[in-house]
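Structural description and commentary
Chain residues, written in single-letter form:
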Amino acid sequence: MTFLFETEEHAQLRSSMRRFAETHIAPHAARWDEDGAYPRELYRAMASAGLLAIGYAEDEGGSGGDLQHMLVASEEMILAGKSVGTCAGVGSHGIALPPIVKLGTAMQKERFVRPVLAGEKIAALAITEPNGGSDVASLATRAVREGDHFVVNGTKTFITSGTRADIVTTAVRTGDAGHGGISLLVIERGTPGFSVGKKLQKTGWWASDTAELVFEDCKVPAENLVGELDRGFPAIMMNFASERLFLAGQCVAIAELAYRESIAYAQTRRAFGKPLTGQQVIRHKLADMATRIAAARALTGECAVRVVRGELAAGLAAMAKNAATDMCSFVVDQAVQIHGGSGYMRDVVVERLYRDARLYPIGGGTREIMNEIIAKMESYEP
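Below: a short report on this structure. (Residues numbered from 1 in each chain as written. Predicted model: local features only at pLDDT ≥ 70, side-chain atom pairs only at ≥ 80, totals over all residues. Heavy atoms only, no water.)

What about helix H11 (residues 314-339)?
The terminal C-alpha atoms of H11 lie 37 Å apart, and with 26 residues this matches the ideal 38 Å at 1.5 Å per residue to within 8%. Most of H11 sits out of view: 19 of its 26 residues are buried. Gly340 lies just past H11 and shows a positive phi near 65 degrees. (Helix = DSSP H or I, 4+ residues; strand = E, 2+ residues; numbered from the N terminus. Expected span 1.5 Å × (residues − 1). Buried < 20%, exposed > 50% of the residue type's maximum accessible area, 1.4 Å probe, protein only.)

Next up, the structure:
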């Protein structure tokens, strides 16, 4: 099953990403997961294949397409590559670059966007702080203007691609408390006072690197300010809506892969004289998995269509994320159950997917925060 919006163009994109992932990712997926990293050369390889810059305009160094193309490519990368961590890591520019594309100067786009889309540099987004979590308006990393620089002090955590990023789109406090005093700065690797505090060890997404970043009297050129001073919060919120839709799409992909792996296992594994698919209880598990995947795919696809049309879809994106993460959690759990003891083994795909899936009700805004967004959009209060 594919998204209802897909055309022959999307089918060709799936085919291209499938060939790439089967060749360059799938043979190494288990090893990269255990190593906790994939090679940097993968970025250049994807760029050369025209698959790294999907969704970005050609005059920005992109391959064209829109958010729908990005969803399709991401799904096929997971389905064929079987490494969620690799997909999440390689795709970190998908949340780091949009604010620069939308609000940045021509110089910023040339210096920061084009090299990333060419696979020459790696980009990350740094918003979350040790004491902040989903409460973006409470962030404490401070940037003070001194002449032609900002001096930044603070710490960021849970930053995907943080240990290897060359540029980091960073949320900083430049004004008063609350959402009105937040700005975005691009901070480059090698800037004095900027360091990687540590690489974080996670339950899932092992192939991607996740880091704590530290800024100690870090001097950032004022020309690296993205958009207007103290006007970064709206850009962050717009970015979150797209990120949540990407996460929903990844959940659909993870669940679809777990479903396929479960069918293949159940068809070949015999119990009580017949394949597991000969057991009604297993067939019904698979039927429930397929039904929930279809429902989450439909909602995610509708949200993508509305976003591409230009509609404001923050509430629907939150719904899609919650529906997809709930579905994914259920499906991977059932996949492990169908595999039995094998599903608990590290060299089995569904074991890895089970660990990878746990992040999604947390990342990009927790499930509870999504419900608050939905409640506000639905205007329950009189």
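Quick notes on the side chain of Thr174
Note on placement: Thr174 falls in the loop between strand E4 (167-173) and strand E5 (182-188). Assessed through its relative accessible area of 17%, Thr174 is described here as buried. There is a polar contact of 2.5 Å between the side chain of Thr174 and the side chain of Asp230. (Polar contact = N/O pair within 3.5 Å; in protein donor to acceptor, adjacent residues only side chain to side chain.)

Description of the environment of Arg358
Within the fold, Arg358 resides in the loop between helix H12 (349-357) and helix H13 (367-378). The spatial distance from the C-alpha of Arg358 to the C-alpha of Ser329 is 7.0 Å, given a sequence separation of 29 residues.

A closer look at the environment of Val214
Within the secondary structure layout, Val214 lies in strand E7 (residues 210-221). You can call Val214 buried: its relative accessible area is 16%. Along the chain, Val214 and Thr141 lie 73 residues apart, while their C-alpha atoms are 9.6 Å from each other. Those residues within four positions of Val214 in sequence are excluded, and the remaining contacts are Gly154, Thr155, Gly193, Phe194, Ser195 and Gly197. (Contact = heavy atoms within 4.5 Å.)

Structural notes on the packing of aromatic side chains
In the structure shown here, the tally under the stated rule is 5 aromatic pairs. Here Phe3 and Phe5 contribute two aromatic rings whose centre-to-centre distance is 5.2 Å and whose plane-to-plane angle is 5 degrees, an arrangement assigned as stacked. Classification of Phe5 as buried rests on a relative accessible area of 13%. Plain terms: the ring middles of Trp205 and Tyr360 are 5.7 Å apart, the flat faces sit at 65 degrees to each other, and that makes the pair edge-to-face. On the criterion of sequence distance, the pair formed by Trp205 in the loop between strand E6 (194-199) and E7 and Tyr360 in the loop between H12 and H13 is long-range, its members being 155 residues apart. We classify Trp205 as buried; its relative accessible area is 9%. What makes Tyr360 buried here is its relative accessible area of 1%. Ring-pair connections join several aromatic residues into one group, and the members of that group are Trp32, Tyr38 and Tyr43. Directly above the ring of Phe150 sits Arg145, whose terminal nitrogen or CZ lies 5.4 Å from the centroid. (Phe/Tyr/Trp six-rings, centres within 6.5 Å; stacked < 30°, edge-to-face > 60°. Lys NZ or Arg CZ within 6 Å of the ring centre and 35° of its normal.)

A word on the environment of Arg355
By secondary structure assignment, the location of Arg355 is in helix H12. We classify Arg355 as buried; its relative accessible area is 11%. Residues Arg355 and Gly204, 151 residues apart in the sequence, show an inter-C-alpha distance of 4.7 Å.

Some points on unusual backbone geometry
The backbone of Ser161 sits at a positive phi, close to 70 degrees, despite the residue not being glycine. Along the chain, the position of Ser161 falls in the loop between strand E3 (149-160) and E4. Under the relative-accessibility criterion, Ser161 is labelled buried at 0%. In this model, Trp205 sits at a positive phi of 55 degrees, which is unusual for a non-glycine residue.

Digging into the packing of H11 against H13
Two measures define how a pair of helices packs: the angle their axes make with one another and the distance between the axes. In the contact formed by H11 and H13, the axes pass within 8 Å of each other and the chain directions differ by 145 degrees. As H11 runs across H13, the sense of the crossing is left-handed. Contact with H11, carried on its side by Ala314, Gly315, Ala318, Met319, Lys321, Asn322 and Asp326, involves Arg367, Met370, Asn371, Ile373, Ile374, Met377 and Glu378 of H13 and no other residues of that element. For the contact of H11 with H13, the residue count by class is 7 nonpolar, 3 polar and 4 charged. (Axes fitted to C-alpha atoms, helices over the stretch in contact; angles between N-to-C directions. Left-handed = near helix turned anticlockwise from the far one by under 90°. Nonpolar A, V, L, I, M, F, W, Y, C, P; charged D, E, K, R; others polar.)

Things to note about the pairing of E3
Note that strand E2 (residues 142-146) and E3 share 5 bridges and pair antiparallel. Looking across to E3, one finds that Arg142 is bridged to Asn153. Hairpin connection from E2 to E3: 2 residues lie between these consecutive antiparallel strands, with Gly147 at a positive phi of about 65 degrees. Here E3 pairs with E7 via 9 bridges, running antiparallel. Bridging from a neighbouring strand, His149 pairs with Pro221 of E7. (Pairing = 2+ DSSP bridges.)

Some remarks on the pattern of salt bridges
Tallied over the entire structure, the rule returns 23 salt bridges. A salt bridge links Glu256 to Arg297; the shortest N-O distance between them is 3.9 Å. Residue Glu256 is found in helix H9 (residues 232-268), and its partner Arg297 is found in helix H10 (residues 280-309); the two are separated by 41 residues along the sequence. Arg297 gets classed as buried once you look at its relative accessible area, which sits at 2%. (Salt bridge = Lys/Arg side-chain N within 4 Å of Asp/Glu carboxyl O.)

Notes on the packing of helix H4 (residues 67-81) against H9
Two elements in contact, H4 and H9, have axes separated by 9 Å at closest approach and are oriented at 35 degrees. The hand of the H4/H9 crossing is right-handed. Where H4 abuts H9, its residues Leu67, Met70, Leu71, Ser74, Glu75, Ile78 and Leu79 lie against Ser242, Leu245, Phe246, Gly249, Gln250, Val252, Ala253, Ile254, Glu256, Leu257 and Arg260. Among the residues forming the contact of H4 with H9, the class breakdown is 11 nonpolar, 4 polar and 3 charged.

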